[in-house]
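Summary of structural features
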Amino acid sequence: MRDIRPSWGRRLIALLLVGFAAAYMVPLAIVVLNSVRSVEDIIQTSTIGWPRALVLSNFTEAWGHYCIAEVCTGIRPYLWNSLAITVPGTLMSTLLGAVAGYAISLWRFRGDAWIFGLVTLGVFLPEQMKLLPWAIVLRDVGLSNTLTGLVMIHTIQGLSFSTLFCRNYYVAIPQDLIKAARIDGAGFFRTFWRIVLPLSPPILIVTVIWQFTGIYNEFLYGVTFTNGTQQPITAALISLTANVANVPQYGVQSAAVLIAAAPTLLVYLLGGRWFVRGLTAGAVK
Amino acid sequence: MAALSIRGLHKRFGLVEVLKGIDLDIESGEFTVLVGPSGCGKSTLLNIIAGLERPSGGSIEIGGRVVNDVAPKDRDIAMVFQSYALYPSMTVRQNITFGMECRRVPRAAQEEALARVAKLLQIEPLLNRRPSQLSGGQRQRVAMGRALVRDPLLFLFDEPLSNLDAKLRVEMRMEIKQLHQRIHSTIVYVTHDQIEAMTMATRIAVMHMGEI
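Residues numbered from 1 in each chain as written. Chains lettered and ligands numbered in written order. Predicted model: local features only at pLDDT ≥ 70, side-chain atom pairs only at ≥ 80, totals over all residues. Heavy atoms only, no water.

Before going further, it helps to spend a moment on the sheet that holds strand β4 (residues 57-62) of chain B. All names here are of chain B. One open sheet accounts for 4 strands, arranged β2-β1-β4-β5; its pairing is antiparallel. Sheet topology places β2 (16-27) and β5 (65-66) at the edges, where each strand pairs with a single neighbour. Where strand β1 (residues 2-13) and β4 come together, 5 bridges link them in antiparallel fashion. The residue bridging leucine 4 from the neighbouring strand is isoleucine 62, located in β4. Strands in contact with helix α1 (residues 42-50) are β1, β2 and β4; relative to β1, the strand with the most contacts, it is inclined by about 120°. (Pairing = 2+ DSSP bridges. Helix = DSSP H or I, 4+ residues; strand = E, 2+ residues; numbered from the N terminus. Contact = heavy atoms within 4.5 Å. Axes fitted to C-alpha atoms, helices over the stretch in contact; angles between N-to-C directions.)

Next up on the list: the packing of helix α4 (residues 76-106) of chain A against helix α12 (residues 233-241) of chain A. Residues and elements named next belong to chain A. At a minimum axis distance of 8 Å, the contact between α4 and α12 shows a crossing angle of 155°. Overall, the two elements α4 and α12 adopt an arrangement that is roughly antiparallel. Contacts from Tyr78, Leu79 and Ser82 of α4 reach α12 at Ile233, Thr234 and Ala236. Counted by class, the contact of α4 with α12 contains 4 nonpolar, 2 polar and no charged residues. (Parallel < 35°, antiparallel > 145°, perpendicular 65-115°, else oblique. Nonpolar A, V, L, I, M, F, W, Y, C, P; charged D, E, K, R; others polar.)

What follows is about the packing of aromatic side chains. All names here are of chain A. According to the stated counting rule, one finds 15 aromatic pairs over all chains in the structure shown. An angle of 65° between the planes, with centres 5.9 Å apart, marks the rings of tyrosine 169 and tyrosine 170 as edge-to-face. This pair shows no difference in class: tyrosine 169 is buried, exactly as tyrosine 170 is. Residues tyrosine 221 and phenylalanine 225 carry aromatic rings whose centres are separated by 5.7 Å and whose planes lie at 10° to one another, so their mutual orientation is stacked. Placement of both tyrosine 221 and phenylalanine 225 in helix α11 (residues 220-225) is noted, with a separation of 4 residues, approximately one turn of the helix. Note on tyrosine 221: relative accessible area 0%, which makes it buried. (Phe/Tyr/Trp six-rings, centres within 6.5 Å; stacked < 30°, edge-to-face > 60°. Buried < 20%, exposed > 50% of the residue type's maximum accessible area, 1.4 Å probe, protein only.)

Moving on to the packing of helix α3 (residues 57-65) of chain A against helix α13 (residues 250-280) of chain A. Residues and elements named next belong to chain A. Between α3 and α13, whose axes approach to 8 Å, the crossing angle comes to 70°. Our classification of the angle between α3 and α13 gives roughly perpendicular. Two packed elements cross with a definite hand, and for α3 against α13 that hand is right-handed. Contacts from Asn58, Phe59, Glu61, Ala62 and Trp63 of α3 reach α13 at Gly251, Val252, Ala255, Ala256, Leu258 and Ile259. Of the residues in the contact of α3 with α13, the class split is 8 nonpolar, 2 polar and 1 charged. (Left-handed = near helix turned anticlockwise from the far one by under 90°.)

Time to look at unusual backbone geometry. Residue and element names in this part refer to chain B. Although it is not a glycine, alanine 85 sits at a positive phi angle of roughly 50°. On the secondary structure map, alanine 85 appears in the loop between β6 (77-80) and α2 (92-102). Of the residues examined, alanine 85 reaches a relative accessible area of 4% and is grouped as buried. Unlike most non-glycine residues, aspartate 151 shows phi in positive territory, near 50°.

The next thing to look at is a nonpolar patch on the surface. Nonpolar side chains collect at one region of the surface, where A:Tyr24, A:Met25, A:Leu28 and A:Val32 lie side by side and expose about 440 Å² of accessible area between them. Here A:Met25 shows up in helix α1 (residues 8-35). (Patch = residues over 30% accessible without salt bridge, like charges linked within 9 Å, V, L, I, M, F, W, Y side chains within 5 Å. Areas by Shrake-Rupley, 256 points an atom, 1.4 Å probe, with all protein chains shown as cover. Salt bridge = Lys/Arg side-chain N within 4 Å of Asp/Glu carboxyl O.)

Contact residues are listed per partner, giving 17 residues for chain A and 24 residues for chain B. Note on chain A versus chain B: buried area summed over both sides is about 1,900 Å², and carbon and sulfur give 60% of it. Three residues, A:Ile183, A:Asp184 and A:Arg194, lead the burial of chain A against chain B; their summed loss comes to 37% of the area buried on that side. Taken together, the links from chain A to chain B amount to 2 salt bridges. Counting the contacts that link chain A with chain B gives 6 residue pairs in polar contact (both at pLDDT 80 or more). (Buried area = accessible area lost by both parts, 1.4 Å probe. Polar contact = N/O pair within 3.5 Å; in protein donor to acceptor, adjacent residues only side chain to side chain.)

Per the stated rule, a full pass over the model turns up 16 salt bridges over all chains. With its nearest N and O atoms 2.6 Å apart, the salt bridge here joins A:Arg194 to B:Glu101. Of this pair, A:Arg194 sits in helix α9 (residues 188-196) while B:Glu101 sits in helix α2, each in a different chain. Looking at B:Glu101, the relative accessible area reads 28%, which means it is partly exposed. With a closest N to O distance of 3.6 Å, B:Glu196 and B:Arg173 form a salt bridge.

Pasting the structure below:
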């Protein structure tokens, strides 16, 4: 007869997990609570506490009216900036990475291992190391302080990840399939479009989610290569907190943070399940 | 005129010489089988005939035309693979007409060729299914249909029956043989199974360590 009560080891693990979850959730909980408290409430009581009364004006204030570096439009334009950078960056790096991964894994050519190694190296290079080179490149092509410049940076850097993911996925596709396509008369792109791409949804979803989250949350390049109205929301939030008012506006700041976090949270809630499935899926049954 | 003519064919992978001077003539309508143990180079030879790999030396003529530098799609050949190599995301119908689509054959001609082949192989009820919904024998027939629809000078079979169980293998052997007798195609068939070779071939080429 087996004892159905969980062992002490299991209970310890569960306790640890709950502890970690709490450590993650507590700051979020404080931010959420503060976003619905008025300024007087926070100042008079403390930054950590239950709201005396629920106040939604923080959100409207943060969205459309708050002043950041003397521009009083709220964070809405900066959110659009971030999306204008993230969406094209994600789409382009995913598509290009898929073609690159496809070329490397299914069409052997001289030096393919070297090229794959070089592209993948980009995954491991720290951001800070590339700061200066990118600054020079942006200046030379005239894209400093533009959204286009950031899109370019993120697309190219995203290529490393997406090529790596897609290539590892595509090696599972049998070579015979490509041979049959060649005999049928399909060239490089037709084979990609008609045969390989329809087999790709799992890895494409993984890549899109990864890239979207990474590019949207990116801070260093955003704050270095743009300023003022061209900043993505990650950089704008810092400027927002630097705003010197009579009284620290924790409520509005908390609301701004939550609004900024919304897109990636949404992506996680909607696509998180597919992310894990995609990572473990095979290309062909 | 020989359907296939190979002279002095060599193939090297790095320092390893896989094919050491192959000479072979195949007349139109013959069913030639290449037999040999694994690693003797028969699949490599087939790939070179198909144009999927380039030889290191020697010449290949198909239908009297030197095809050393001709792409696989222009060599007037068709190939059936051991793993069937059916396109998983397309229906049977699309699998068979894909080649014609690439060559921009008009719709009407495509439908006609498809109907002819489907009737010949008795795969009409399967046309709208995906490969994952077919049994091994059905997939093999669809793979043959894809080859037949090209009406090529030369059919290349690369151990097509190795994935099937014994009973199905015997049935398919007879089907392929009957097909050959009916349409008088020229076939180059690779296998490691001697019995298969002896029951099906009009000529047998035994390969060992890169030589015939």
